[in-house]
Amino acid sequence: MKLFLISLGTLIIAFLIGLVIRMWGLSLPYKQFEHPFLTSAMSASHPVSIGIFSKEHLRPDSKPALTWVNILISDYNFNVDAFLTWARDKKKFKGKFVHGYTLAELNEFYESVMSLEKAVQAIKTDHYIFNILTNDIDVHKDMISFIEKNKLEDRVLINSPIDIVIKAIKEQKPMWVYGTSIPEVSRLKSFSTLGLEAAISIRGDVFIAPISYLNRPLVDQSMVTEIRRRKKLVFLGPIQSETDLKLAEELKPDGIIF
């Protein structure tokens, strides 16, 4: 009986602490981040169609208001495992990280790979989302240099599944627009299951997340509701199936990545 009372008391205390933390989180004031990208890019129809820079993944019935560009080496249309097998067979293997190979070597395997500069020149759109898929040494410096050289500061949103990449660029350019990494989204998901999503900090200016990750549901209504309470936009995707598309549409995001 004594053990039961101790356990019950512990649960009550934990519940009260959680309740206080949640109420504290809900009491925090938020103001929408004002930036030219967020103003002009979102002037199109709702939700905005965000096309992945790959003809196989662009919706044929719509012209995207925003274009999602995967950097460095897209996991769409580029089979990394097949490339590494090819590199071994050709005795050109330099390691498992694709960004360690030259553009000429990548083109030898898959001719559609191109430099970011050529990709930007080829895209007929006013706004971009640069999704950085590598944490190679000095990638943050390279991205900052490229954006400033091409005067894209007001036309690009920086995103990455890798938390440290977003953090490194934002430390140097805090007034640019940023998305959310997979670790950041996963952390919000974990706390939302406890009802504590209001107490978790989110660095990104736009919440970007796939519907599922590693074959498990990732985004739910409570997360979207919390993001909107913080006056942030919600972009869902990239969409991988009709099921994902249906779930995304039900959540009514500000943009869907195809």
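Residues numbered from 1 in each chain as written. Predicted model: local features only at pLDDT ≥ 70, side-chain atom pairs only at ≥ 80, totals over all residues. Heavy atoms only, no water.

A.B. asks: I'd like a rundown of the packing of helix H8 (residues 182-192) against helix H9 (residues 221-229), residues and numbers included.
C.D. replies: Where H8 meets H9, the closest approach of the two axes is 10 Å, and the angle between their N-to-C directions is 110°. As far as their axial angle goes, H9 and H8 are roughly perpendicular. Handedness of the H8/H9 crossing: right-handed. Across the interface between the two elements, Val185, Leu188, Lys189 and Ser192 of H8 pack against Ser222, Met223 and Ile227 of H9. For the contact of H8 with H9, the residue count by class is four nonpolar, two polar and one charged. (Axes fitted to C-alpha atoms, helices over the stretch in contact; angles between N-to-C directions. Helix = DSSP H or I, 4+ residues; strand = E, 2+ residues; numbered from the N terminus. Parallel < 35°, antiparallel > 145°, perpendicular 65-115°, else oblique. Left-handed = near helix turned anticlockwise from the far one by under 90°. Contact = heavy atoms within 4.5 Å. Nonpolar A, V, L, I, M, F, W, Y, C, P; charged D, E, K, R; others polar.)

A.B. asks: An account of the nonpolar core is needed here, citing residue identities and associated values.
C.D. replies: Soluble, globular proteins show a tendency: their nonpolar side chains are buried together. One finds Leu116, Tyr128, Phe130, Met143, Ile147, Ile158 and Ile169 to be the most contacted residues of the largest nonpolar core, which totals 21 residues. Within the residue set of this core, elements represented by two or more residues are strand S2 (66-71), helix H5 (116-122), strand S3 (127-132), helix H6 (139-149), strand S4 (156-159) and helix H7 (163-172). Among the elements that take part in this core, H6 stands out by supplying five residues, more than any other. Val185, Val224, Leu236 and Leu245 belong to the second-largest nonpolar core, a separate cluster that totals 20 residues. (Core = buried A, V, L, I, M, F, W, Y, C linked by side-chain atoms within 4.5 Å. Buried < 20%, exposed > 50% of the residue type's maximum accessible area, 1.4 Å probe, protein only.)

A.B. asks: Explain the side chain of Ser192 to me, using residue names and the numbers behind them.
C.D. replies: The residue Ser192 is located in helix H8 in this model. The contact partners of Ser192, leaving out residues within four places of it in the chain, are Glu197, Asp220, Ser222 and Met223.

A.B. asks: Describe the packing of H6 against H7, listing the residues and the values that go with them.
C.D. replies: What describes two packed helices is the angle between their axes and the distance between those same axes. Between H6 and H7, the shortest axis-to-axis distance is 9 Å and the interhelical angle comes to 50°. The angle between H6 and H7 places the two elements in the oblique class. Both H6 and H7 take part in a crossing whose hand is right-handed. For the pair H6 and H7, contact is made by Val139, His140, Met143 and Ile144 and by Val165, Ala168, Ile169 and Gln172, respectively. Partitioning the contact of H6 with H7 into residue classes produces six nonpolar, two polar and no charged.

A.B. asks: How would you summarise the side chain of His35 if you had to cite specific residues and measurements?
C.D. replies: Within the secondary structure, His35 is located in the loop between helix H1 (2-27) and helix H2 (36-41). Exposure remark for His35: the relative accessible area of 7% places this residue in the buried category. Once you skip the residues sitting within four places of it in the chain, His35 turns out to touch Glu153, Asp154, Met175, Trp176 and Val177.

A.B. asks: Hey, could you go over the pattern of salt bridges for me, with residue numbers and the actual values?
C.D. replies: The tally for this structure, following the rule as stated, stands at nine salt bridges. As a salt-bridge pair, Glu105 and Lys94 come within 3.1 Å of each other at their nearest N and O atoms. Here Glu105 is found in helix H4 (residues 103-109), whereas its partner Lys94 is found in the loop between helix H3 (80-89) and H4, with eleven residues between them in sequence. What makes Lys94 partly exposed here is its relative accessible area of 48%. Each of Glu226, Arg229 and Arg230 takes part in salt bridges that share partners, so that together they form one network. (Salt bridge = Lys/Arg side-chain N within 4 Å of Asp/Glu carboxyl O.)

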